[in-house]
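Letter by letter, the chains look like this.
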Amino acid sequence: MKTYGVKEVSKLSGVTVRTLHYYDKIGLLKPRNRTEAGYRHYGQEELLRLQQILFYRELDFPLKEISEVLDNPDFNLVDALESHKSALKKRGDRITTLLATVENTLNHLKKGKKMSKPEKLYEGLPKEMGTTYRKEAMETYGKDAVEHSENELLKLDKGDFERLKKDLDQILKDLFALRNEAPENQKVQQLIAHHYSVIRTFWGTSNTADKQAKAYNGLGQLYVNDPRYTAIGDEFHPEYATFLQKAMHYFADKELK
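Residues numbered from 1 in each chain as written. Predicted model: local features only at pLDDT ≥ 70, side-chain atom pairs only at ≥ 80, totals over all residues. Heavy atoms only, no water.

## Digging into the side chain of Ser-10
Relative to the helices and strands, Ser-10 resides in helix H1 (residues 6–13). When neighbours within four sequence positions are excluded, Ser-10 is seen to be in contact with Val-15, Thr-16, Val-17 and Leu-20. (Helix = DSSP H or I, 4+ residues; strand = E, 2+ residues; numbered from the N terminus. Contact = heavy atoms within 4.5 Å.)

## What to know about the sheet that holds strand S3 (residues 40–42)
Spatially, S1-S3-S2 is the arrangement adopted by the three strands of the open sheet, whose pairing is antiparallel. Because the sheet does not close on itself, it has two edges, and the strands there are strand S1 (4–5) and strand S2 (33–34). With two bridges connecting them, S1 and S3 associate as antiparallel partners. Across the sheet, residue Gly-5 finds its bridge partner in S3, namely His-41. (Pairing = 2+ DSSP bridges.)

## As for the pattern of salt bridges
Under the criterion given, the structure shown has six salt bridges. Here Arg-34 and Asp-24 are joined by a salt bridge, their closest N and O atoms 2.4 Å apart. Separated by 10 residues along the polypeptide, Arg-34 in strand S2 and Asp-24 in helix H2 (residues 17–25) bring together distant segments of the chain. Taking the relative accessible area as the measure of exposure, Asp-24 reaches 1% and is therefore buried. Note that Arg-49 and Asp-71 form a salt bridge whose closest N and O atoms lie 3.0 Å from each other. Note that Arg-49 is positioned in helix H3 (residues 44–58) and Asp-71 in the loop between helix H4 (63–70) and helix H5 (77–110), a separation of 22 residues in sequence. A relative accessible area of 47% means that Asp-71 is categorised as partly exposed. One continuous salt-bridge network, built from bridges that share partners, spans Asp-24, Lys-30, Arg-34 and Arg-40. (Salt bridge = Lys/Arg side-chain N within 4 Å of Asp/Glu carboxyl O. Buried < 20%, exposed > 50% of the residue type's maximum accessible area, 1.4 Å probe, protein only.)

## Let's talk about the packing of aromatic side chains
As enumerated under the stated definition, the model contains four aromatic pairs in all. On the numbers, 5.0 Å between centres and 90° between planes, the contact of Phe-176 with Tyr-240 is edge-to-face. Highlighted residues: Phe-176 in helix H8 (residues 160–177) and Tyr-240 in helix H11 (residues 238–255), separated in sequence by 64 residues. The exposure class assigned to Tyr-240 is buried, which follows from its relative accessible area of 1%. Aromatic pair Tyr-196 and Phe-251: ring centres 5.3 Å apart, planes at 50°, arrangement tilted. You can see Tyr-196 sitting in helix H9 (residues 186–203) and its partner Phe-251 sitting in helix H11, a full 55 residues away along the chain. For Phe-251, a relative accessible area of 7% translates into the label buried. An aromatic cluster of three or more residues is present, and its members are Tyr-196, Tyr-216 and Phe-251. Positioned over the ring face of Tyr-4 is Lys-2, at 4.8 Å from the centre of the ring. We note Arg-179 situated over the ring of Phe-176; from NZ or CZ to the ring centre the distance is 3.8 Å. (Phe/Tyr/Trp six-rings, centres within 6.5 Å; stacked < 30°, edge-to-face > 60°. Lys NZ or Arg CZ within 6 Å of the ring centre and 35° of its normal.)

What follows is the structure, given as structure tokens:
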């Protein structure tokens with residue numbers, strides 16, 4: 001039976017070698033065998049399992065749940081594929097709506113107009129990224145805080161909101177590069193201070209007297225509890241989330257009290 005090395009599997013599937021190593025480490029996708037030198041080899045069965053992993057990842061299943069599903073003795077590949085087909089069709093319909101929303105938003109921004117309703121910030125997004133995020137935020141921070149944040153964001157003029165998002169993305173990428181440093185490292189803390197400032201802008205509380213130490217600490221814990229918020233591309237990095245949480249806690253304890 002033909003087998004494939006880890007680099008071949010990476011090229012075939014688009015999954016990074018690092019991610020395949022991580023899947024092996026957590027028991028989600030073990031290679032068929034290893035050479036005496038320790039090189040991983042994958043067979044047809046492992047490739048099919050990887051396909052299922054990617055399908056479930058596309059449907060936003062956490063890695064732990066994917067492992068439980070695939071390791072269930074009652075798991076049936078044909079039934080799973082039928083289910084994926086149905087779910088992906090629904091997602092395709094949502095993407096069509098999302099594209100229309102993006103186009104509508106671009107038209108508003110290009111004309112210098114501001115979005116008029118909070119719902120426009122979420123329209124067409126997959127449920128997990130839209131309605132669920134908004135609900136979770138309200139449960140965590142309260143309805144008034146979330147609506148205040150939305151109203152402040154809706155005041156941003158052309159391009160400001162996109163620049164704000166890009167700024168946050170860059171900060172998180174820079175912090176990811178420093179994830180092996182101590183949380184109290186000076187460079188780390190400088191980036192965390194910038195992160196705190198941008199987050200306060202998202203919350204619409206930049207000019208309030210309350211420094212929101214508790215809320216900022218809570219966000220750090222959220223990063224640990226929910227890997228969606230600290231994913232890099234399609235990869236989850238629990239150690240990065242823990243690093244962020246510790247760095248944010250240190251900053252809140254030192255600077256916000």
